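# Summary of structural features
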Amino acid sequence: MKTLVLIFLLLSPSCLYGHSVSDYQLYTAIGSSKDNQYSSIVIRKLFYNSKVHYLTVNPETLSTHIQAGSTLNVSECPWETIRRNHKNTPYIEALRDAELNAETLQDAGITHFFPSQRGVDLTIDLCPSRRPLDRSLFTELTSELGKEEKPVPLAVAITGLWMKEHDLDLQWLLDREKNKELSIVWINHSYNHRTSKELPLRENFLLEKGTDIKFEILQTEAEMIEKGITPSIFFRFPGLVSDDKLFHQVTAYGLIPVGSDAWLGKNQWPKEGSIILVHANGNEPIGIHRFVQLMKDEKENSVNKKWLLFDLRESIVETERAKDKD
Ligand SMILES: [Zn+2]
């Protein structure tokens, strides 16, 4: 019996990471600190280690936090009212901008920025895969850019199935984050990431019949939190495929869809302000190779801080603030 209990404890992911999440739900509210010094937008409610917590967004910086219910005064509010009352914040402006590009079947949402400096945003997808994490991308990033940018900013789009199959690789990534080598914005890339070789795009990926979008979004986030990851307010469509209806289902969860204008594995070359897409799940080594080459080509510029990797959240804030000035 003792052995059985021990095996169960060893296999239980919440035990492994020390956190348990239950009753994870979409919940919209305004949260104010007890001293009324600051307020934030609440987008989820959950029980974290059996106590009420909230996932909150700072609408000015787009940073997200898991906050204990005991530290906040929370007043529930419909999502449309929150959007209206915060319409001039970078968060809500970015949601609106993304929605202007909602109808396209491929690459909807935000795909490009207009930064004041030379550089790009790097996004790395971890779609389900039997292959191990391509760790070389991350070690190259810290060795090429780690002196100028410490931690190196990047975004990882993660799926539920990848997390399930790659415990040690995920732990390795989280250690890089803990050591302040990398600063990772964690993007929800759906749970199952279903894909079919036969189906046309209109019926493929999340547009495939039987998709439960609520599960795809919330289960991924809940398991991220169990593993010690704070979800960001970004979402990446599997295959970059969506339609208008699906797009608005996702934004109703408070998530901003992020596409890419430079999928390196598909011969799309980056420009200034590009959102680069590579896969570190072992399935697209050519994209990794091209990105590493790009870093080497820009080496002199990056040493002089004339070519940088940007943080997705800061890129949004900068882009929206620049528009406000126009
Ligand atoms: Zn993917």
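Residues numbered from 1 in each chain as written. Predicted model: local features only at pLDDT ≥ 70, side-chain atom pairs only at ≥ 80, totals over all residues. Heavy atoms only, no water.

Counting across every chain of the model gives 6 aromatic pairs. Among the aromatic side chains, those forming a connected cluster through ring pairs are Phe235, Phe237 and Phe247. The ring centre of tryptophan 263 lies 4.3 Å from the NZ or CZ of lysine 266, which sits over that ring. (Phe/Tyr/Trp six-rings, centres within 6.5 Å; stacked < 30°, edge-to-face > 60°. Lys NZ or Arg CZ within 6 Å of the ring centre and 35° of its normal.)

Tallied over the full model, the rule gives 16 salt bridges. Between glutamate 140 and lysine 296 there is a salt bridge; the shortest N-O distance is 3.6 Å. Of this pair, glutamate 140 sits in helix H5 (residues 135–145) while lysine 296 sits in helix H10 (residues 285–297), placing them 156 residues apart in sequence. Across the salt bridge formed by aspartate 324 and arginine 321, the nearest N and O atoms sit 2.8 Å from each other. Residue aspartate 324 and its partner arginine 321 are both found in helix H12 (residues 312–325); the two are separated by 3 residues, about one turn of the helix. Aspartate 324 gets classed as partly exposed once you look at its relative accessible area, which sits at 40%. A relative accessible area of 30% places arginine 321 in the partly exposed class. (Salt bridge = Lys/Arg side-chain N within 4 Å of Asp/Glu carboxyl O. Helix = DSSP H or I, 4+ residues; strand = E, 2+ residues; numbered from the N terminus. Buried < 20%, exposed > 50% of the residue type's maximum accessible area, 1.4 Å probe, protein only.)

On to the confidence of the model for the chain. Confidence along the chain averages 94 in pLDDT terms, with 95% of residues attaining 70 or more. Within the model, pLDDT remains below 50 along residues 4–15, and this stretch shows 6 contacts once partners closer than five positions in the same chain are excluded. (pLDDT = per-residue confidence, 0-100. Contact = heavy atoms within 4.5 Å.)

Another aspect to go through is the coordination of the zinc ion. Coordination sphere of the zinc ion, protein contribution only: Cys127 (SG), His189 (NE2) and His193 (NE2), at 2.1 to 2.3 Å. If you list the donors of the zinc ion from N- to C-terminus, the spacing comes out as C-x61-H-x3-H. Here cysteine 127, found in the loop between strand E6 (119–126) and H5, pairs with histidine 189, found in the loop between strand E8 (182–188) and helix H8 (213–226); they are 62 residues apart in sequence, far enough to count as distant. Summarising the burial analysis for this pair, cysteine 127 and histidine 189 share the class buried. (Donors = N, O, S within 2.8 Å, 3.2 Å for Na, K, Ca; no water.)

Before going further, it helps to examine the nonpolar core. Membership of the largest hydrophobic core comes to 49 residues, with the highest contact counts inside it found for Tyr91, Phe234 and Ile256. Among the domains, domain 1 (18–79) and domain 2 (102–325) are the pair contributing at least three residues each to this core. If we ignore the near neighbours within four places in the chain, the residues touching tyrosine 91 are Ile41, Ile43, Val57, Pro59, Leu62, Trp79, Ile233, Gly254 and Ile256. The next biggest cluster of nonpolar side chains, apart from the first, holds 36 residues, and it includes Ile124, Leu126, Leu182 and Ile229. (Core = buried A, V, L, I, M, F, W, Y, C linked by side-chain atoms within 4.5 Å. Domains from an automatic or database assignment.)

All right, on to helix H7 (residues 167–178) then. Here H7 contains 12 residues, and its C-alpha end-to-end distance of 16 Å stays within 8% of the 16 Å for a straight helix at 1.5 Å per residue. Among the residues making up H7, those that are buried are Asp169, Leu170, Trp172, Leu173, Leu174 and Arg176. Once H7 finishes, lysine 180 follows within two positions and takes phi at roughly 65 degrees, a positive value. (Expected span 1.5 Å × (residues − 1).)

In terms of domains, the chain is made up of domain 1 (18–79) and domain 2 (102–325). In this structure, domain 1 and domain 2 have C-alpha centres spaced 24 Å apart. Contact residues are listed per partner, giving 20 residues for domain 1 and 22 residues for domain 2. Summed over both partners, the interface of domain 1 with domain 2 comes to about 1,600 Å²; 66% of that surface belongs to carbon and sulfur atoms. A per-residue breakdown of the area domain 1 buries against domain 2 is headed by Tyr24, Arg44 and Leu62, which together make up 33% of the total. A salt bridge links glutamate 60 to arginine 321, with the nearest nitrogen and oxygen atoms 2.8 Å apart. Our count for the domain 1 to domain 2 interface comes out at 6 residue pairs in polar contact (both at pLDDT 80 or more). Taken together, the residues of the side of domain 1 that touches domain 2 sort by class into 11 nonpolar, 7 polar and 2 charged. (Buried area = accessible area lost by both parts, 1.4 Å probe. Polar contact = N/O pair within 3.5 Å; in protein donor to acceptor, adjacent residues only side chain to side chain. Nonpolar A, V, L, I, M, F, W, Y, C, P; charged D, E, K, R; others polar.)

Only a minority of non-glycine residues have a phi that is not negative, and only a minority of peptide bonds are not trans. In this model, lysine 150 is joined to proline 151 through a cis peptide bond whose omega is 0 degrees. With respect to the secondary-structure elements, proline 151 resides in the loop between H5 and strand E7 (152–158). Even without glycine at this site, aspartate 107 takes up a positive phi of about 70 degrees. Topologically, aspartate 107 is positioned in the loop between helix H4 (90–99) and E6. The class for aspartate 107 is partly exposed, based on a relative accessible area of 22%.

Now for the sheet that holds strand E1 (residues 21–33). Taken together, 5 strands build an open sheet; the order of strands is E4-E3-E2-E1-E5 and the sheet is antiparallel. Among the strands making up the open sheet, the edge pair consists of strand E4 (64–68) and strand E5 (72–76). On average, each strand axis in the sheet is tilted by 40 degrees relative to the strand beside it, whichever way the strands run. Relative to strand E3 (residues 51–57), strand E2 (residues 39–48) runs antiparallel, the two sharing 7 bridges. Within E3, the position partnered with lysine 45 by the bridge is tyrosine 54. Sheet strands touched by H8: E1, E2, E3 and E4. Its angle to E1, the strand with the most contacts, is close to 85 degrees. (Pairing = 2+ DSSP bridges. Axes fitted to C-alpha atoms, helices over the stretch in contact; angles between N-to-C directions.)

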